[in-house]
Amino acid sequence: MNTTSPSLLMRVRDPADRAAWVELDRRYREWLIRYFRGRNVAFGDAEDLVQRVFANLVKSLPKFMY
C-alpha cells in the first residue's frame, strides 16, 4: 500500500471536501475489506465495518495534526 500524502490528510479534515473523501475511499476501501475478510469477517459485515472506520475518521480527523 502506498502512503497517504500529507495534502490528502489535510484535505479530509474537511468533511465537505467530497473529492478528498472519494480519493481516501478509493485508496483504502478495498484494502480494509481484505483486512476484515482475512480475519474471517463476512463480506457484508466487512462493508459495515469499513463504513464505521470512515465514520470515525470524519469525527477524529478535524483534530488530526500531521
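Our subject is the structure listed above.
Treat the numbers as computed from the prediction; the structure is a model and nothing was measured.

Q: Honestly, the environment of leucine 49 in this entry has me stumped. Any pointers?
A: Here leucine 49 is to be found in helix α3 (residues 43-60). You can call leucine 49 partly exposed: its relative accessible area is 26%. Residues leucine 49 and isoleucine 33, 16 residues apart in the sequence, show an inter-C-alpha distance of 8.4 Å. Residues within four places of leucine 49 in sequence aside, it is in contact with Phe36 and Val41.

Q: How should the environment of valine 53 be read in this particular structure?
A: Position of valine 53 relative to the elements: it lies in helix α3. Measuring from C-alpha to C-alpha, the distance between valine 53 and arginine 29 comes to 9.7 Å, with 24 residues separating the pair along the chain. Apart from the residues within four sequence positions on either side, valine 53 is in contact with Leu32 and Phe36.

Q: What exactly am I supposed to notice about the pattern of salt bridges here?
A: Note on pairing: side chains with opposite charge can pair once their charged atoms come close. Taken as a whole, this structure holds four salt bridges when the rule is applied. One salt bridge in this structure joins glutamate 23 and arginine 27, with 2.8 Å as the shortest N-O distance. Taken as a pair, glutamate 23 and arginine 27 lie in helix α2 (residues 18-37) at a separation of four residues, close to a single helical turn. Judged by relative accessible area, which is 22%, glutamate 23 ranks as partly exposed. On the basis of relative accessible area, arginine 27 is assigned to the partly exposed category, the value being 31%. Between aspartate 25 and arginine 29 there is a salt bridge, with its nearest N and O atoms 2.7 Å apart.

Q: How do you make sense of the packing of aromatic side chains when you look at a structure like this?
A: The geometry of an aromatic ring pair is captured by two quantities: the separation of the ring centres and the angle between the planes. Per the counting criterion, the structure on display carries three aromatic pairs. Ring centres of tryptophan 21 and phenylalanine 54 lie 6.4 Å apart, and the angle between their planes is 75°; this geometry places the pair in the edge-to-face category. Of the two residues, tryptophan 21 is situated in helix α2 and phenylalanine 54 in helix α3; the sequence distance between them amounts to 33 residues. Pair check on accessibility: tryptophan 21 and phenylalanine 54 agree, each one buried.

Each value, and the rule that gives it
Residues numbered from 1 in each chain as written. Predicted model: local features only at pLDDT ≥ 70, side-chain atom pairs only at ≥ 80, totals over all residues. Heavy atoms only, no water. Helix = DSSP H or I, 4+ residues; strand = E, 2+ residues; numbered from the N terminus. Buried < 20%, exposed > 50% of the residue type's maximum accessible area, 1.4 Å probe, protein only. Contact = heavy atoms within 4.5 Å. Salt bridge = Lys/Arg side-chain N within 4 Å of Asp/Glu carboxyl O. Phe/Tyr/Trp six-rings, centres within 6.5 Å; stacked < 30°, edge-to-face > 60°.

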